[in-house]
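Listed here are the chains, written in short residue letters.
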Amino acid sequence: MLKSREVDAFIDRNYAPPGAAQEEEYLAEFMKRAGADGAGSEKLPDEEEYLALFMAHSLEEPRSGGELVPDVYLHRGLDIKYSKFVSNYSRLDPGSGIGLIRLTSASVTQEGFSVHSPDATLMCYSLLGEGEVVVDGRGIKLRKYDFVWLYCSRRPHFRALPGRSWDCAFVRVHGAPGSSLFADACRKLREDGVMQLTFGAGTRFRSLIWQLLSARTETGPNPESVYAHLLLSLFVEVDLALVGSSVRQVIVPDIIAAIQSYLDRNYSRSLSLDSLSHTFNISKDHMSREFKRYVGKSPNEYLIDVRLDRAKELLVDSKRTIAEIGQLVGIPNTNHFLYLFKSREGVTPSAFRKQRI
């Protein structure tokens, strides 16, 4: 029986379907490994499933193959919650150099995991908590809303910070991106090898990530086309961020980051500038001015975005009433909740729910 680390290496090696010339070599290796002594290792799928997995990859059906072995065996430091392969993006953007794309949402452990592929790039968007990615011996700290896009050939290692949980969205892109539709992002990635940005609550980028990772997106008509268009929109949002003012890399002061994190965690409570000022021992005026300087919006505007961001998730993923959802996200006045939602989203909460179910 294969040992878990051998499964890690073997499946990572074969995410990109092997060529026909390699099939006999891989099959021989499969049979040798499947019959190996697995004493003391975890129980894994039997030999028939290994053979089926091999055949799926050799026939260029990575979705079928990937589903045969539970994701927990792919990365020991990664608790995968959702995963999907998208294979038809190139039809929408021919000449982009992009092949198979894998969408994943997962919790990263403190042990973490490493990625290596000579022909892939990886997007990581921090959904909740804190962690870091270590590239070429340098650690890049990622808080909630931070984004990084890098080459897998640089062997990045992702890990949660000690004592912290870290939930992330990953978009693994096979091929070297060279699309004319988001040329600045491709150039930046090619020249620097790594790209860092931030996409906060209420941004188009975050909404797209949420749609890509929602299982409900698969149930609509022509879902493959929907996924391809959502991915193109995601890439374009990165491009827009690069050419806009948000491309500037600013080190956010710890006090502002702490206030931002506090709002992320306590959005359901009754909060005011006075209470924030008291909690963090900072004057209201100075806090408001510095928060807007580094985050791009006032604390109140940011809090509304966080609340509505959570409300959209509850509208789609729960059967709670509009009034209940308003209560849960910290806007107990239903009329005010309806007003805020309609003014910012362009539709009522009920209409938003119907559009996505």
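Preceding block: the structure.
All values reported here derive from a predicted model rather than from experimental measurement. (Residues numbered from 1 in each chain as written. Predicted model: local features only at pLDDT ≥ 70, side-chain atom pairs only at ≥ 80, totals over all residues. Heavy atoms only, no water.)

(A) Representation of the overall build of the chain in the model. Of the regular secondary structure elements, the chain holds 15 helices and ten strands. When each of the 357 residues of the chain is scored for burial, the buried share is 48%. On the chain, roughly 17,600 Å² of surface is accessible, and the fraction owed to carbon and sulfur atoms is 50%. (Helix = DSSP H or I, 4+ residues; strand = E, 2+ residues; numbered from the N terminus. Buried < 20%, exposed > 50% of the residue type's maximum accessible area, 1.4 Å probe, protein only. Areas by Shrake-Rupley, 256 points an atom, 1.4 Å probe, with all protein chains shown as cover.)

(B) Structural context of the side chain of Lys297. Its place among the elements puts Lys297 in the loop between α11 (284-295) and α12 (299-317). A distance of 2.7 Å separates the side chain of Lys297 from the side chain of Asp305, its partner in a polar contact. Once you skip the residues sitting within four places of it in the chain, Lys297 turns out to touch Ala201, Phe291, Lys292, Tyr302 and Asp305. (Polar contact = N/O pair within 3.5 Å; in protein donor to acceptor, adjacent residues only side chain to side chain. Contact = heavy atoms within 4.5 Å.)

(C) Main features of the pairing of strand β4 (residues 120-129). Along β4, seven of the ten residues are buried, which leaves the element largely enclosed by surrounding structure. Note that β4 and strand β9 (residues 166-174) share nine bridges and pair antiparallel. Looking across to β9, one finds that Thr121 is bridged to Val173. In this sheet, strand β7 (residues 146-151) lies alongside β4 in antiparallel orientation, the contact comprising five bridges. Residue pairing for β7: Thr121 is matched across the bridge by Tyr151. (Pairing = 2+ DSSP bridges.)

(D) Inspection of the layout of surface pockets at higher detail. Of the voids in this model, the second largest pocket is the one considered here, and its volume is about 630 Å³. Together, 23 residues line the second largest pocket, and Leu127, Arg206, Trp210, Arg310 and Glu313 are the ones closest to its centre. Those elements that provide at least two residues to the lining of the second largest pocket are β1 (78-86), β2 (101-108), β4, β9, α7 (204-212) and α12. It is α12 that provides the largest number of residues to the lining of the second largest pocket, a total of five residues. Here the lining of the second largest pocket is composed, by residue class, of twelve nonpolar, two polar and nine charged. (1 Å grid on protein atoms, 1.4 Å probe; cavity = no way out; pocket = protein on both sides within 12 Å on 5 of 7 lines; lining within 4 Å. Points joined across faces, edges and corners; volume = space filled by probe spheres on them. Nonpolar A, V, L, I, M, F, W, Y, C, P; charged D, E, K, R; others polar.)

(E) Focus on the side chain of Arg353. Tracing the backbone through its elements, the reader meets Arg353 in helix α15 (residues 349-355). Within the buried core, Arg353 has no salt-bridge partner, and the shortest N-O distance to an opposite charge, that of Glu324, equals 7.5 Å. The residues touching Arg353, leaving out its near neighbours within four places in the chain, are Leu314, Leu315, Ser318, Lys319, Arg320, Ile322 and Ile325. (Lys, Arg positive; Asp, Glu negative; His and termini not counted. Salt bridge = Lys/Arg side-chain N within 4 Å of Asp/Glu carboxyl O.)

(F) Main features of the packing of aromatic side chains. Within the structure shown, the criterion is met by 16 aromatic pairs. Arranged with centres 6.1 Å apart and planes meeting at 85 degrees, the rings of Tyr145 and Tyr302 form a pair that is edge-to-face. Placement of the pair is Tyr145 in the loop between β6 (138-142) and β7 and Tyr302 in helix α12, with a sequence separation of 157 residues. On the basis of relative accessible area, Tyr145 is assigned to the buried category, the value being 1%. Residues Phe199 and Phe205 carry aromatic rings whose centres are separated by 4.0 Å and whose planes lie at 15 degrees to one another, so their mutual orientation is stacked. Residue class for Phe199 comes out buried when judged on its relative accessible area of 6%. The exposure class of Phe205 is buried, given its relative accessible area of 1%. (Phe/Tyr/Trp six-rings, centres within 6.5 Å; stacked < 30°, edge-to-face > 60°.)

(G) Representation of the environment of Asp146. One can find Asp146 in strand β7. On the basis of relative accessibility, which here comes to 16%, the residue Asp146 falls in the buried class. Along the primary structure Asp146 and Tyr125 are separated by 21 residues, whereas in three dimensions their C-alpha atoms are 6.0 Å apart. Side chain to side chain, Asp146 and Thr198 meet in a polar contact 2.9 Å long.

(H) Spotlight on the packing of α12 against helix α14 (residues 334-345). In the contact formed by α12 and α14, the axes pass within 11 Å of each other and the chain directions differ by 95 degrees. Accordingly, the angle class assigned to the pair α12 and α14 is roughly perpendicular. Only Phe337, Leu340, Phe341, Arg344 and Glu345 of α14 make contact with α12, whose side of the interface consists of Glu301, Ile304, Asp305, Leu308, Ala311, Lys312 and Leu315. Of the residues belonging to the contact of α12 with α14, the class tally is seven nonpolar, no polar and five charged. (Axes fitted to C-alpha atoms, helices over the stretch in contact; angles between N-to-C directions. Parallel < 35°, antiparallel > 145°, perpendicular 65-115°, else oblique.)

(I) Broad picture of the nonpolar core. Judged by nonpolar contacts, the single largest core of 66 residues is most densely connected at Ile101, Trp149, Phe235 and Val238. Among the elements that take part in this core, helix α8 (residues 223-243) stands out by supplying ten residues, more than any other. Non-local contacts of Val238, meaning those with residues more than four positions away in its chain, are made with Met123, Phe147, Trp149, Ala185, Met195, Leu197, Phe199 and Phe205. Core analysis: the second largest hydrophobic core is formed by 22 residues, Leu122, Cys124, Val148 and Cys152 among them. (Core = buried A, V, L, I, M, F, W, Y, C linked by side-chain atoms within 4.5 Å.)

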